[in-house]
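# Tertiary structure, described
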2 protein chains.
Amino acid sequence: MSVNRGTGTTAFGGPPLEIDTRPAVLDQFTVDETGRTGRRPRGIVYPTGVEEVIAVVEWAEATRTPLIPRGAGTSLEGHLLAQRDELIVDLSRANAILDISPVDFTATVQPGVTRTQLNAATAEFGLQFTVDPGADASLGGMAATNASGTTTVRYGGMRANVLALQAVLADATAARFGRAVRKSSSGYDLKDLLIGSAGTLGIITELTVRLHPIPEWLRSLRISFPTVADAVDASLAVMGAALPVSRLELVDAPSMAAINAYRGTDYAETPALFVDIESSSAVAGTADEQEVQRIAQAHNAIDIATARTHTERHALWEDRHNLFFALKAHHPGHRFMVTDTAVPFSRVAAAVDTATRLGAELGLAVSVAGHIGDGNVHAVIPYTDASYAAAQQFSDSVVRHALAVGGTATGEHGIGLAKKKYLRDEHGAAVDLMAAIKRAIDPLGLFNPDKVLDA
Amino acid sequence: MSVNRGTGTTAFGGPPLEIDTRPAVLDQFTVDETGRTGRRPRGIVYPTGVEEVIAVVEWAEATRTPLIPRGAGTSLEGHLLAQRDELIVDLSRANAILDISPVDFTATVQPGVTRTQLNAATAEFGLQFTVDPGADASLGGMAATNASGTTTVRYGGMRANVLALQAVLADATAARFGRAVRKSSSGYDLKDLLIGSAGTLGIITELTVRLHPIPEWLRSLRISFPTVADAVDASLAVMGAALPVSRLELVDAPSMAAINAYRGTDYAETPALFVDIESSSAVAGTADEQEVQRIAQAHNAIDIATARTHTERHALWEDRHNLFFALKAHHPGHRFMVTDTAVPFSRVAAAVDTATRLGAELGLAVSVAGHIGDGNVHAVIPYTDASYAAAQQFSDSVVRHALAVGGTATGEHGIGLAKKKYLRDEHGAAVDLMAAIKRAIDPLGLFNPDKVLDA
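Everything numeric here is computed off the predicted structure, so don't read it as measured data.

Thresholds applied
Residues numbered from 1 in each chain as written. Chains lettered and ligands numbered in written order. Predicted model: local features only at pLDDT ≥ 70, side-chain atom pairs only at ≥ 80, totals over all residues. Heavy atoms only, no water. Helix = DSSP H or I, 4+ residues; strand = E, 2+ residues; numbered from the N terminus. Polar contact = N/O pair within 3.5 Å; in protein donor to acceptor, adjacent residues only side chain to side chain. Contact = heavy atoms within 4.5 Å. Core = buried A, V, L, I, M, F, W, Y, C linked by side-chain atoms within 4.5 Å. Buried < 20%, exposed > 50% of the residue type's maximum accessible area, 1.4 Å probe, protein only. Buried area = accessible area lost by both parts, 1.4 Å probe. Salt bridge = Lys/Arg side-chain N within 4 Å of Asp/Glu carboxyl O. Least-squares fit on C-alpha atoms with pLDDT ≥ 70 in both. Pairing = 2+ DSSP bridges. Axes fitted to C-alpha atoms, helices over the stretch in contact; angles between N-to-C directions. Domains from an automatic or database assignment. Expected span 1.5 Å × (residues − 1). UniProt positions renumbered as here; feature names shortened; annotations may be inferred. Parallel < 35°, antiparallel > 145°, perpendicular 65-115°, else oblique. Left-handed = near helix turned anticlockwise from the far one by under 90°. Nonpolar A, V, L, I, M, F, W, Y, C, P; charged D, E, K, R; others polar.

## Some points on the side chain of A:Thr408
By secondary structure assignment, the location of A:Thr408 is in the loop between α14 (388-404) and α15 (423-427). Of note is the side chain of A:Thr408, whose polar atom sits 2.6 Å from the side chain of A:Glu426. Here A:Thr408 is in contact with A:Thr341, A:Ala342, A:Ala402, A:Leu403, A:Glu426, B:Val181, B:Lys183, B:Ser184 and B:Ser186, once residues within four sequence places are set aside.

See below:
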């Protein structure tokens, strides 16, 4: 097997697979969505299926070429940046929906299928794929980072929603992990080991995921509170009452101001909750909504806006989903860091306060939004070259605070490159076990080296 | 460190820990709940905490003594039976509830704490631990087998409900896995690797589990159908409507006959569903219950019994929970096998029919009950020495049928000894990866050898 780097073409034993080595193309892979940069990779291949991935890994093994698997490229933690002479295995063209089984509530897809692509296909069956990280990420990438998002409070993240995987391993064979059933106690849970391993243990080539019924009745609320503590306490009360909320999002006052500026709205510039309530009937749903409203009022709610129709609901959530763009517009000329800590519920209000106070101390225009129903808090930090050090210090302090109270450095973005330094603080001696497993599964260290663990 | 086997006492470096070697005691550990037998173990130790477990593992490592961790002893698949000269590490005395945090919806317990013990302690906070395998198992044992049960359709099994673990590893150190938060994407998911590993990778010494609010409103239904197909179709319709059921159990006609004989009732001896509906309010719950009843009637329900009060609900579920005892009473002089396959929903009705037909062909009085909301089907097979071969053939055929349609050999009981022969049929080349991980984590093979994987 040989690579003709000049022509950008190679023969892989199996079908020839083109390696794109054009410098202008490679340069596009040296920067990620956060502005973080890596080296120029060795090349890019675009396999369309498992056989081509096997051919790539065979060649990588023979030539000792490290590989970076890639989906839609929406990583926020440097998972996709080359650190040495890696080949990027871009799976965006392996994007076929292989099967939808409405009776089984499952779909089987290639890794490059995005969540909106899948949801467009399942809607006709009254079914949805519920993991929603905001970005239109690929399912393979979402599995690799154990992504979750706004609906996780009700439906769980990727581990709860991926039933089975196929992955190509370091010996260039494809293996299957998990079975397409709701439960199993058979053997070691390698499916969940691969999920969240960020392409460091294998390249995901197929996924069977759970689908959920699209609810009969849906209502969305935007509730303004005088303080973060009130909003958090209301959230905990809603969860304590086991109300069927499928989204429970905190947006702080600076974020609401950015939304007003970006969207031309005039919402109260105080902390708000964005809430979805789902039900199987209007009668049950209306009762649940009244209870959420009662709890909000008992926690000093200033204003409650209700979105009933699809159009109203879409508009309400557009405000939340556009928050990052609103903040970008609000802070022109800045780059952004986004923290991703998750903490126990009893620590959420303090985590938000700590972020706000730290931002003020460091002269940073920090805003906070969180998946409050999961204790997952994002602080968004606009920074320039001049304030880079302060932003770093902020991010570091926030992570260390979360770890000190029993939390995690990353609720849903993954370790990648950016959070590696916290791995041992969070996991202690378990890191040695992770390293032993990495060596056992990928002895040549070909799969996404330098990510999650030190190579 | 030395063991005085004659006196049953040893000094472990740390505090002395008695090894019970009395033959009459050891004999009690040679048979499990199904009647399956193993060798007489080397001895029994009863550590009460992590330090004592570390001392035991230090000694085991020094003396190359294999260990079998044990909780309440309710395994159905031979996990706890000695195959060589193992020491049983009985954790039933490590049974302290270390912390209940109502705001965080968590509890932290030692591994010997049983689920009823924990639920008795959390009830005053309006919270419950929801994994219910029927038996009053220990939480450590339930984690080791990835147990689930009747409430899994709504709340998930052990993986979804254990947030963090402490375990003593083969190098006699204690490590922590996972964090006590709702979500994390940090590092490899070793918490879920340990869950379901049946004590073959480490000895669980502490667990932090999720608690859920006890619902405001609960109603239980027993619905009789003319056929299994009607009952299964009704179940799928209930799930397709996203109705808030927390139990959804199928009990077949022979099982209902056994219940009638055992409990003196006169229920229709046709397939039935036992259903729990949970809600945050009576208004919402009543609407949900009406919808369940409407679906049942649309699927030819013969009779619907409703239990409203705690007493009525308890009585209704006692019938289901006593099913195994009813079957034992119905078949005096028999031992029992219990299959545990889980299949995709589209295959559930066929799985039940296959079991019924096979039982008739083989002359076995098979009855079937299933966690239908998870596709998990138990066939109970009474047998004698004369029909042992037929029972074995039945069980084998049921597992092979499940595997052929994409299912799993064990939905919730685990592989243990009894299902090892199906591991490669179910997982293919992934079994080699499981073995590589076992070697990497337990190189001396001291932890529950011969279980899950061949030693």
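## Considerations on the nonpolar core
Residues A:Phe177, A:Leu190, B:Phe177 and B:Leu190 are the most contacted members of the largest nonpolar core, which totals 174 residues. Beyond its immediate stretch of four places on either side in the chain, A:Phe177 contacts A:Leu163, A:Ala164, A:Leu165, A:Ala167, A:Leu169, A:Leu190, A:Lys191, A:Leu194, B:Ala430 and B:Leu433.

## Observations regarding the interface of chain A and chain B
Chain A puts 79 residues into the contact, and the matching count from chain B is 79 residues. Both faces combined, the contact of chain A with chain B buries some 6200 Å², and carbon together with sulfur accounts for 60% of it. Three residues, A:Arg179, A:Lys183 and A:Tyr188, lead the burial of chain A against chain B; their summed loss comes to 16% of the area buried on that side. One salt bridge in this structure joins B:Lys183 and A:Glu412, with 2.6 Å as the shortest N-O distance. Put simply, chain A and chain B have 37 residue pairs in polar contact (both at pLDDT 80 or more) between them. Elements represented by at least two residues in the side of chain A that touches chain B include exactly β11 (174-177), α7 (190-194), α8 (228-240), α10 (282-298), α15 and α16 (430-441) of chain A. The dominant element in the side of chain A that touches chain B, judged by the number of residues it contributes, is α16(A), at 8 residues.

## A word on the relation of the copies chain A and chain B
Superposition record for chain A on chain B: RMSD 0.1 Å, screw rotation 180 degrees, translation along axis 0.0 Å. Such a combination of turn and shift is consistent with a two-fold rotation axis. Closest approach to the rotation axis within chain A is made by the C-alpha atom of A:Ala284, at a distance of 1.8 Å. In this assembly, 100% of the residues forming the interface of chain A have copies in chain B that are likewise at the interface, indicating an isologous arrangement.

## Considerations on the environment of B:Ala82
Mapped onto the fold, B:Ala82 is located in the loop between β5 (67-70) and β6 (87-90). Along the primary structure B:Ala82 and B:Arg40 are separated by 42 residues, whereas in three dimensions their C-alpha atoms are 6.6 Å apart.

## Observations regarding the environment of A:Leu165
All names here are of chain A. Within the fold, leucine 165 resides in strand β10 (residues 162-168). Classification of leucine 165 as buried rests on a relative accessible area of 2%. Measuring from C-alpha to C-alpha, the distance between leucine 165 and threonine 208 comes to 6.3 Å, with 43 residues separating the pair along the chain. Discounting residues that sit within four places of it in the chain, leucine 165 has contacts with Ala175, Arg176, Phe177, Lys191, Leu194, Ile195, Ile204, Glu206 and Leu207.

## Considerations on the pairing of β6(B)
All names here are of chain B. The two faces of β6 match: Leu87 and Val89 on one face and Ile88 and Asp90 on the other face are all buried. One ladder, built from 3 bridges, connects strand β4 (residues 43-45) with β6; its direction is parallel. By the bridge assignment, valine 45 is partnered in β6 with valine 89. Two elements, β5 and β6, share 4 bridges in a ladder whose sense is parallel. Bridge assignment links leucine 67 to a residue of β6, and that residue is leucine 87.

## Some remarks on the sheet that holds β10(A)
All names here are of chain A. The 5 strands lie next to each other as β7-β8-β12-β10-β11, forming an open sheet whose pairing is antiparallel. Looking at the sheet topology across the chains shown, the edges are occupied by β7 (97-101) and β11. Going across the sheet, the axis of each strand differs from the next one's by a mean of 15 degrees, ignoring polarity. Bridge count for β10 against strand β12 (residues 203-210) is 6 bridges, and the pairing is antiparallel. Bridge pairing in β12 places alanine 164 opposite threonine 208. Across the sheet, helix α2 (residues 50-63) is in contact with β10, β11 and β12; its angle to β10 comes to roughly 45 degrees.

## Comments concerning the domain arrangement of chain A
All names here are of chain A. Here chain A is partitioned into domain 1 (19-90), domain 2 (97-213) and domain 3 (217-405). Contacts between the two partners involve 9 residues from domain 2, matched on the other side by 12 residues from domain 3. Approximately 860 Å² of surface area, both sides summed, lies buried where domain 2 meets domain 3, with 53% of it carried by carbon and sulfur atoms. Summed over the three residues of domain 2 that lose the most area to domain 3, namely Thr150, Val153 and Arg154, the buried surface amounts to 64% of that side. Taken together, the connections running from domain 2 to domain 3 amount to 2 salt bridges. The salt bridge partner of aspartate 132 is arginine 247, with a shortest N-O separation of 2.9 Å. For the interface between domain 2 and domain 3, the tally reads 5 residue pairs in polar contact (both at pLDDT 80 or more).

## Digging into unusual backbone geometry
At A:Ala172, a position not held by glycine, the phi torsion is positive, near 65 degrees. Among the structural elements, A:Ala172 can be located in the loop between β10 and β11. Exposure remark for A:Ala172: the relative accessible area of 9% places this residue in the buried category. Residue B:Asp450 is not a glycine yet carries a positive backbone phi of 75 degrees. Relative to the helices and strands, B:Asp450 is located in the segment after α16 (430-441).

## Things to note about helix α2 (residues 50-63) of chain B
Residue and element names in this part refer to chain B. For α2, which comprises 14 residues, the first-to-last C-alpha distance of 20 Å matches the rise-based estimate of 20 Å (1.5 Å per residue) to within 8%. Turning to α2, its buried residues are Glu52, Val53, Ile54, Ala55, Val56, Val57, Trp59 and Ala60. Looking one or two residues beyond α2, the residue adopting positive phi is arginine 64, at roughly 55 degrees.

## Structural notes on the UniProt feature "domain: FAD-binding PCMH-type" (unreviewed entry) in chain A
Per the UniProt record, "domain: FAD-binding PCMH-type" (unreviewed entry) is annotated on residues 37-214 of chain A. For the annotated span residues 37-214 of chain A, helix accounts for 23% and strand for 24% of the residues, and the straight-line distance between the end C-alpha atoms is 40 Å.

## Description of the packing of helix α13 (residues 348-362) of chain A against α14(A)
Residue and element names in this part refer to chain A. At a closest axis distance of 10 Å, the pairing of α13 and α14 adopts a crossing angle of 160 degrees. As summarised for this structure, α13 and α14 are arranged roughly antiparallel, according to the angle between their axes. Taken as a pair, α13 and α14 cross one another with a handedness that is right-handed. Contacts between α13 and α14 involve Ala350, Ala351, Thr354, Ala355, Leu358, Gly359 and Leu362 from the former and Ala390, Gln393, Phe394, Ser397, Val398 and His401 from the latter. Taken together, the residues that form the contact of α13 with α14 break down as 8 nonpolar, 5 polar and no charged.

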